[in-house]
Amino acid sequence: MDGQQAGTVPSHPPGRGTLVFQYATVTIFLLGALYPLLAAAAGTGDWAGLADPGLSRYGDPKEWDPLLGGLEESWNPLLWIFGISRLVVMVSGITLLGVVGVVAGVVRLVGGGVGRGRFVALLVGTLLCAAVTVVMLTPYGAQLRTWLLD
């Protein structure tokens, strides 16, 4: 039997869990921070406000959340996905997730044992997590977080 013992389950390719974690972190950032920001920019037509988000430009971020416009039922999975993503960004959990994604990616990349395609995917995931972390640690990230909290 292909060199495997009967009854054993083949293991996942190396780095799969790290990749899932990294791309989930980036997705949480996109849904929790960028989605409300882009919705506000599109709603007001003030695209320059993307570089300077705040109450004075966009008002309350809840005004631009289309999910709150009629899909408030607690069973709605979209409400949970977007709500939890936004909460993670607001409480700075995304920064911690980004750091963990970078560290896990670097450990996996340095450890070796991954194929070329997986290496590139891990490298991209690590760089994206680093970018999310850097953005959220800048004054822009603090301003974005403050706007989301209001």
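Residues numbered from 1 in each chain as written. Predicted model: local features only at pLDDT ≥ 70, side-chain atom pairs only at ≥ 80, totals over all residues. Heavy atoms only, no water.

A. The confidence of the model for the chain, seen in detail. On average, residues of the chain carry a pLDDT of 84, and 85% of them reach 70 or more. Per-element averaging of pLDDT across the chain places helix H2 (residues 55–58) at the bottom with 84 and helix H4 (residues 93–111) at the top with 94. (pLDDT = per-residue confidence, 0-100. Helix = DSSP H or I, 4+ residues; strand = E, 2+ residues; numbered from the N terminus.)

B. Representation of the packing of H4 against helix H5 (residues 116–137) within the structure. Remark: H4 packs on H5, axes separated minimally by 8 Å, with the N-to-C direction vectors making an angle of 150 degrees. Comparing the axis directions of H4 and H5 gives the class roughly antiparallel. Handedness of the H4/H5 crossing: left-handed. Residue-level contacts link Ile94, Thr95, Gly98, Val99, Gly101, Val102, Gly105, Val106, Arg108 and Leu109 of H4 to Phe119, Leu122, Leu123, Thr126, Cys129, Ala130, Val132, Thr133, Met136 and Leu137 of H5. When its residues are assigned to classes, the contact of H4 with H5 shows 13 nonpolar, six polar and one charged. (Axes fitted to C-alpha atoms, helices over the stretch in contact; angles between N-to-C directions. Parallel < 35°, antiparallel > 145°, perpendicular 65-115°, else oblique. Left-handed = near helix turned anticlockwise from the far one by under 90°. Contact = heavy atoms within 4.5 Å. Nonpolar A, V, L, I, M, F, W, Y, C, P; charged D, E, K, R; others polar.)

C. Structural detail: helix H3 (residues 77–90). Here H3 spans 20 Å end to end across 14 residues, near enough to the 20 Å set by a 1.5 Å rise per residue. Taken together, the buried positions of H3 are occupied by Leu79, Phe82, Ser85, Arg86, Val88, Val89 and Met90. Next to the buried residues of H3 lie helix H1 (16–44), H4, H5 and helix H6 (139–149). Where H3 terminates, the next one or two residues include Ser92, which has phi positive at roughly 65 degrees. (Expected span 1.5 Å × (residues − 1). Buried < 20%, exposed > 50% of the residue type's maximum accessible area, 1.4 Å probe, protein only.)

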